[in-house]
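Chains, contacts and geometry: an overview
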Amino acid sequence: MASHLAGGKVNVGQVQELARKELLQLLGKCDGSKAIVWDESLAGPVGLVAKYSLLRENEVLKMFPLRAGHLPAANVRNIIFITRPQLYLMDLVADNIYGEERASGYRKEFHLFFVPRKSLLCEKWLKNRGVFGNFTLIEEFGCDLFPFDSDLMSMELESAFKEYYLENDPTCLYQVAQAIMTLQSLFGVIPRVSGKGPAAKQVWDLMCRMARERQSTEAPGHIPQSQIDHLLLLDRGVDLLTPLATQLTYEGLIDEIFGINNTTAQFPPERFTKSDDGATDLSAERKQIILNSGEELFAEIRDKNFNAVGPALSRKAKLISSQFEERHGEKTVQEIKQFVARLPHMMATKASLATHTTIAELIKEVTDSNKFLESLQTEQEFMNGIDTDKVHPYIEDCIAQKEPLIKVLRLICMQSVTNSGLKLKVLEHYKREIIQTYGFQHILSLTNLENAGLIKLQQGSRQYTVLRKTLRLTVEDGSEIVPTDISYVHSVYAPVSVRLAQYLVRPNGWRGLQDVLGLLPGPTIEESQSLPVGRGPRRGSIGSQSSQNDMPRVVLVFFLGGCTFAEVSALRFLSQQEDSLVEFVIATTKLINGNTFLKYLMEPLGPDIPPPRQ
Amino acid sequence: MAGRLEDEEYWHASEAKAFSFEDDEFGSQLCGVSKSGTARLSQRVREGMGIDSTYVSTDSLSGSLSRATISDSSQTAARPLQTLISEKSLLCILEAGNFHEKQPKGKLSPEEEVRILRRQVENRWVPPPVNDTVAKILLGYPYSLELYRSLKSKTELLDAAIAVGDGNAILAVVLFLVRTLKKNLVYQLLRTRPEAVAQYCQYLAIRLRVHELTDLLEMLGDNREASMKQFQLAVCGTMNPQRRLQKLQACFKNHFSLTDNKDRLLIENYIKLLEWQLSMAGADAEIAKALVGQPVLSSLAYTCQHHWSEPKGSISAPLTLSQQQGVSDRQFQWTVLTVRASLHSWDDIEGLFITKSWLGGKKLKAAVSMEQVVMQLHAHGAPVDVLVKYLELIDNVDKRVGLAQKLQCHKAVVNVFVAKRDRQALISYKANLHPQSEDYFYAENSLRVSTTKWKN
């Protein structure tokens with residue numbers, strides 16, 4: 001169990017353990033040496049569950065990415081494909097099998113593990129391609145949640161929002177409900193459930209149904225005590241603004257600029273000194289850095305506003321150098337011994353200090369650029385409700401300068417949300433400019449954004465204006481370095497989603513918030529689940545409110561449709577407040593930022609590229 | 001498929017008289033036909049039971065068997081066997097042989113035999129509860145949907161799958177419905193169930209079954225989605241520009257021709273653009289090859305580069321294209337500026353922004369801000385006097401000075417000070433200039449001009 005997972009009140013390491021056991025059990029079904037062919041979107045997440053060394057102990061000799069054409073030669077008995085149930089992946093699998101069948105050499109056995117569930121369409125597809133019969137085993141690796149950190153889990157379903165809001169496909173919600181059931185089987189039934197939005201309602205309904213079914217099939221008794229007190233289901237459709245806003249926390253900016261996948265980010269290597277650590281892959285063109293709370297310094301600065309990162313780094317640097325200076329003083333043998341004992345830790349801190357100083361420099365180059373600042377300024381104007389109702393000159397400029405389309409769309413979507421819909425004339429102007437500049441095929445993406453509600457026409461009511469006031473969404477107290485409010489994660493703007501969580505854990509809960517909740521889309525859920533006898537919260541003898549004061553409550557916030565690092569930071573900030581009686585654990589369908597969020601909603605683009613997507 | 005429902009009704013309706021029907025027609029004939037193992041056994045057993053001929057003839061109907069047994073309860077010969085083996089198991093054994101019967105029975109027409117066999121299956125298996133079947137689909141166990149025969153049971157099955165919320169299960173049921181129900185019934189069911197529609201649409205889209213897809217969407221009243229799907233296929237599915245144009249034209253005719261369609265104009269413009277691009281590709285083949293498929297503004301840039309001097313109204317003239325596509329003044333000027341500046345045709349740019357009225361006066365008609373014009377000109381290496389000309393057109397004097405200083409256009413700065421009659425500022429500015437440079441002399445001359453009435 002990885003150490004960075006075990007720190008919290010709820011031991012996320014158990015999730016990892018469960019998934020690992022299942023994977024090893026599946027691997028055990030295939031006798032003899034194995035090669036695994038990974039769907040590339042899974043190799044990373046599964047790496048969080050089982051390291052390569054562990055797989056090697058289980059006779060996995062080779063690992064390949066799933067690509068078209070032939071598999072590289074491997075002298076193994078079993079070839080195991082581990083993939084998401086996607087049709088285009090099935091084509092690749094079929095290609096690979098054709099290739100292997102044609103190749104000479106002794107026969108290999110093929111296996112296919114779907115993550116997390118089999119799919120009828122995929123199996124049909126394989127039958128059509130005539131390879132279905134080649135598989136010895138077709139199994140499910142039911143890993144719904146991948147452990148990212150001690151308070152963070154992700155399902156890594158990147159198109160969940162698109163599937164639900166654009167394609168009307170509720171499958172991802174079914175998976176969410178299953179993931180929650182898994183969590184409940186590990187950490188006990190969650191007594192209270194709140195939620196907002198249509199997806200939240202659907203997940204809750206599914207949970208009830210599954211609970212009923214399990215009750216009838218499973219023998220009671222092995223349900224653990226409740227370790228999670230409250231579940232908050234947040235539909236991304238309730239808060240579309242937050243993912244669009246540029247994140248200004250350290251981790252958020254790393255994600256915006258370099259992209260974080262499965263807790264790993266890649267940086268241009270030339271800026272990192274070679275002595276950083278010996279583990280760098282020499283062949284890699286990019287420098288890979290794993291970012292999780294296992295690294296003390298990173299845990300300290302990840303949630304800070306970027307403006308506070310510089311001072312924090314320099315403080316750390318001073319501390320380290322003073323520690324190193326100590327060795328010059330006169331020492332007894334005892335003291336020297338202590339110093340030497342501390343040395344490895346100090347060296348590690350020094351190395352991570354060097355790494356993060358470099359990353360911070362790289363980020364600063366971007367955040368100091370005019371492009372970044374102008375764009376941020378426009379965003380903040382929108383959030384404050386300034387100039388949202390007319391064609392914005394900065395957006396026009398971006399189009400004229402042929403800035404990346406996604407940047408333009410991100411700003412237009414923001415304007416649409418903050419203006420509670422665009423005027424017809426404004427929208428048509430933007431549309432025409434985009435199509436004329438970037439091409440007619442973008443009609444499709446624009447239509448998608450309209451269908452998903454990210455761009456819409458104004459319809460009388462000004463929800464955003466009301467929300468901004470009542471939920472205090474914009475706070476300009478300039479307290480980025482020593483924050484006093486969650487708004488520090490975007491410097492001005494406090495995420496709606498996190499505000500909802502913040503209100504929920506107050507003594508009054510959402511009771512005073514009915515008007516606001518009415519402005520947000522979809523139903524509100526406030527339910528409770530009955531606990532099996534004797535399985536109540538482990539604290540206090542009677543579950544009265546007052547007896548819980550000494551122990552912080554654990555609230556699981558589940559984002560349906562993705563959440564950003566800034567939101568994670570804001571929730572952590574709330575947990576860390578001195579008077580906080582709450583500890584948040586976060587689960588999401590995927591960690592997103594504005595660019596990745598919109599990217600999945602756009603149709604595959606380029607003037608003459610056929611649609612590769614499903 | 002169409003006849004199936006009627007069949008069903010027929011069988012429901014005819015259940016009561018089926019008994020006597022078989023009884024009369026071919027009850028006794030069964031005995032004359034050679035039988036395979038179990039069937040023979042069944043016959044012997046029955047004979048042993050001493051049941052009358054009516055009974056033997058109905059060996060295919062469980063319902064009638066039980067009825068017969070009850071009515072014949074006085075016959076003691078049957079008892080011992082029934083105490084040894086349950087009626088149900090017995091029946092299974094007895095029935096098993098009949099399925100292997102390959103020989104067509106004497107006077108039995110194939111249709112009649114099919115009916116009999118179908119009835120056997122029907123009566124023997126009542127469909128399991130829908131939730132059990134859906135659970136089986138979810139868990140990946142083998143399942144069969146064939147037993148759900150009535151419209152009601154099919155509807156229940158579909159609703160159960162939707163309630164579970166798993167796309168996979170929904171699709172499995174929808175495909176079954178499509179296979180076994182009339183089209184209008186399927187549509188009727190789908191109309192109120194968007195989740196099922198979504199799954200089925202995806203399925204059809206993946207298989208490129210376009211007509212069925214658009215039929216479905218239009219049937220459900222989702223015209224926009226239908227037309228967009230068609231558009232997507234026309235654009236993304238067709239590489240060849242001529243083909244794409246044809247498809248777009250057809251798509252436009254079929255789906256976008258209504259005047260209230262809000263995407264109509266866009267599609268119309270796309271068709272016009274493709275036509276225009278193809279005609280250009282015909283005219284100057286080599287350079288225009290890369291043109292096809294480009295956005296409007298790139299095409300406009302192309303005409304600005306290669307057909308700048310074309311007369312007004314000519315098809316390849318920039319203005320023609322711009323008007324056809326409704327390019328905004330701002331975008332038009334910006335594109336022309338960028339292209340002509342890159343070609344260092346500074347005079348063309350003047351014509352773009354400055355019109356001479358027929359009284360000889362000059363008028364500025366710029367939709368782009370002059371600061372941006374100057375920046376863009378500078379980026380393309382425009383000479384200083386060109387820059388100064390446009391700097392003079394920036395109304396905000398402070399901005400003008402700022403930009404001029406940034407771009408090292410000292411003359412423009414000097415001009416501002418002269419206009420402001422600010423001698424002190426000019427003197428101090430001159431001090432920063434390179435002595436003996438052209439700008440230096442220009443500043444010095446400006447100071448010397450006697451007509452200027454300095455304010456300081």
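Nothing here was measured: the structure is a model prediction, and the numbers come from that model.

With the rule as written, the count across this model stands at 38 salt bridges over all chains. Among the ionic pairs, B:Asp166 bridges to A:Arg117, the shortest N-O distance being 2.8 Å. Here A:Arg117 lies in the loop between strand E4 (109–114) and helix H5 (120–128) and B:Asp166 lies in the loop between helix H10 (151–164) and helix H11 (167–180), a pairing that spans two chains. Of the charged contacts in the structure, one is a salt bridge between B:Arg330 and A:Asp397, with a shortest N-O distance of 3.2 Å. Of this pair, B:Arg330 sits in helix H21 (residues 329–342) while A:Asp397 sits in helix H15 (residues 393–400), which puts the two residues in different chains. Each of the salt bridges in this network shares a partner with another, and the network as a whole consists of A:Asp149, A:Asp151, A:Glu251, A:Arg302, A:Asp303 and A:Arg572.

Turning our eyes to something else, we now look at the interface of chain B and chain A. Tallying the contact residues gives 52 residues for chain B and 45 residues for chain A. In total, chain B and chain A occlude about 4,300 Å² of area from one another, counting both sides; carbon and sulfur atoms represent 53% of this. It is B:Ile206, B:Leu266 and B:Arg330 in chain B that bury the most area against chain A; as a group they hold 13% of the surface buried on that side. Summed over the shared surface of chain B and chain A, the result is three salt bridges. Across the contact surface, chain B and chain A share 16 residue pairs in polar contact (both at pLDDT 80 or more). For the side of chain B that touches chain A, the secondary-structure elements that each account for two or more residues are helix H9 (130–139), H10, H11, helix H13 (194–206), helix H15 (223–236), helix H17 (264–283), helix H19 (296–306) and H21 of chain B. Classifying every residue of the side of chain B that touches chain A by side-chain character gives 27 nonpolar, 16 polar and nine charged.

This paragraph deals with the side chain of A:Glu403. The residue A:Glu403 is located in the loop between H15 and helix H16 (405–418) in this model. Apart from residues lying up to four places away in sequence, A:Glu403 is in contact with A:Lys371, A:Cys398, A:Val408 and A:Tyr438.

Residue and element names in this part refer to chain A. Of all five residues making up strand E1 (residues 34–38), five are buried, and the element is well covered by its neighbours. Along E1, one buried face is formed by Lys 34, Ile 36 and Trp 38 and the opposite face, lined by Ala 35 and Val 37, is buried too. Looking at chain direction, E1 and strand E2 (residues 60–65) are connected through five bridges and run parallel. What sits directly across from Ala 35, in E2, is Lys 62. Pairing analysis gives five bridges linking E1 to strand E3 (residues 78–83), with the strands arranged parallel. Residue Ala 35 lies in a different strand from E3, and its bridge partner there is Ile 79.

Our next topic: the confidence of the model for chain A. All names here are of chain A. In the predicted model, chain A carries a mean pLDDT of 86, and the fraction of residues at 70 or more is 91%. Within the model, the stretch residues 275–283 combines pLDDT values under 50 with six contacts to residues more than four positions away or in other chains. For the stretch residues 539–548, pLDDT sits under 50, and the model shows eight contacts to residues farther than four places along the chain or on other chains.

In this structure, A:Ile254, A:Leu454, A:Leu598, B:Phe231 and B:Leu377 are the most contacted members of the largest nonpolar core, which totals 197 residues. Setting aside anything within four residues of it in sequence, one finds B:Phe231 in contact with A:Phe440, A:Ile443, A:Leu444, B:Leu248, B:Cys251, B:Phe256, B:Ile267 and B:Tyr270. By size, the runner-up hydrophobic cluster in this structure holds 104 residues, among which are A:Val131, A:Ala177, B:Ala161 and B:Leu177.

All names here are of chain A. Pairing between strand E6 (residues 146–149) and strand E7 (residues 152–154): three bridges, direction antiparallel. From the neighbouring strand, Pro 147 faces E7, where its bridge partner is Met 153. From the end of E6 to the start of E7, which pair antiparallel, there are two residues.

All right, on to the state of the cysteines then. Tallied over the full model, the rule gives zero disulfides over all chains. Take A:Cys413: it sits in no disulfide, and the sulfur closest to it among the cysteines is that of A:Cys398, at 14 Å.

Once that is clear, we can look at the sheet that holds strand E12 (residues 287–290) of chain A. Either a parallel or an antiparallel arrangement is found when strands of a sheet pair, and the pairing is made through backbone hydrogen bonds. All names here are of chain A. Read from one edge to the other, the open sheet built from three strands follows the order E10-E11-E12, with strand pairing classed as antiparallel. At either margin of the open sheet sits one strand with a lone partner, and together these are strand E10 (260–261) and E12. Where E10 meets strand E11 (residues 264–267), two bridges bridge the pair, whose relative direction is antiparallel. From the neighbouring strand, Asn 261 faces E11, where its bridge partner is Thr 264.

The next thing to look at is the environment of A:His230. All names here are of chain A. Looking at the secondary structure, you find His 230 in strand E9 (residues 230–235). Under the relative-accessibility criterion, His 230 is labelled buried at 1%. For the pair His 230 and Val 555, spaced 325 residues apart in the sequence, the C-alpha separation amounts to 4.7 Å. A polar contact is formed between the side chain of His 230 and the side chain of Ser 194, at a distance of 2.8 Å.

As a further point, take the side chain of B:His255. All names here are of chain B. Within the secondary structure layout, His 255 lies in helix H16 (residues 241–255). Since its relative accessible area comes to 16%, His 255 is described here as buried. A distance of 3.2 Å separates polar atoms of two side chains, one belonging to His 255 and the other to Glu 218. Setting aside residues up to four positions removed in sequence, His 255 forms contacts with Thr 214, Glu 218, Ser 227, Gln 230 and Asn 261.

Let us look at the sheet that holds strand E5 (residues 135–140) of chain A. All names here are of chain A. With parallel pairing, five strands are arranged side by side in an open sheet as E2-E1-E3-E4-E5. The open sheet has two edge strands, E2 and E5, and neither has a second partner. On average, each strand axis in the sheet is tilted by 20 degrees relative to the strand beside it, whichever way the strands run. Helix H2 (residues 40–49) contacts E1, E2 and E3 of the sheet and is inclined by roughly 115 degrees relative to E1. Sheet strands in contact with helix H4 (residues 87–102) are E1, E3, E4 and E5, and its direction is about 170 degrees off that of E3.

Here the focus is the packing of aromatic side chains. Within a pair of aromatic rings, the relevant descriptors are the distance that separates the centres and the angle that separates the planes. Evaluation of the coordinates by the stated rule reveals 16 aromatic pairs over all chains. An angle of 55 degrees between the planes, with centres 5.8 Å apart, marks the rings of A:Phe267 and A:Phe272 as tilted. For the pair formed by A:Phe267 and A:Phe272, the shared burial category is buried. Relative to B:Phe441, the ring of B:Tyr440 has its centre 6.1 Å away and its plane inclined at 75 degrees; by these criteria the two rings are edge-to-face. Note on B:Phe441: relative accessible area 35%, which makes it partly exposed. The positively charged end of A:Lys599 is found above the aromatic ring belonging to A:Tyr600, 5.3 Å away from the centroid.

Definitions and cut-offs
- Residues numbered from 1 in each chain as written.
- Chains lettered and ligands numbered in written order.
- Predicted model: local features only at pLDDT ≥ 70, side-chain atom pairs only at ≥ 80, totals over all residues.
- Heavy atoms only, no water.
- Salt bridge = Lys/Arg side-chain N within 4 Å of Asp/Glu carboxyl O.
- Helix = DSSP H or I, 4+ residues; strand = E, 2+ residues; numbered from the N terminus.
- Contact = heavy atoms within 4.5 Å.
- Buried area = accessible area lost by both parts, 1.4 Å probe.
- Polar contact = N/O pair within 3.5 Å; in protein donor to acceptor, adjacent residues only side chain to side chain.
- Nonpolar A, V, L, I, M, F, W, Y, C, P; charged D, E, K, R; others polar.
- Buried < 20%, exposed > 50% of the residue type's maximum accessible area, 1.4 Å probe, protein only.
- Pairing = 2+ DSSP bridges.
- pLDDT = per-residue confidence, 0-100.
- Core = buried A, V, L, I, M, F, W, Y, C linked by side-chain atoms within 4.5 Å.
- Disulfide = S-S within 2.5 Å.
- Axes fitted to C-alpha atoms, helices over the stretch in contact; angles between N-to-C directions.
- Phe/Tyr/Trp six-rings, centres within 6.5 Å; stacked < 30°, edge-to-face > 60°.
- Lys NZ or Arg CZ within 6 Å of the ring centre and 35° of its normal.

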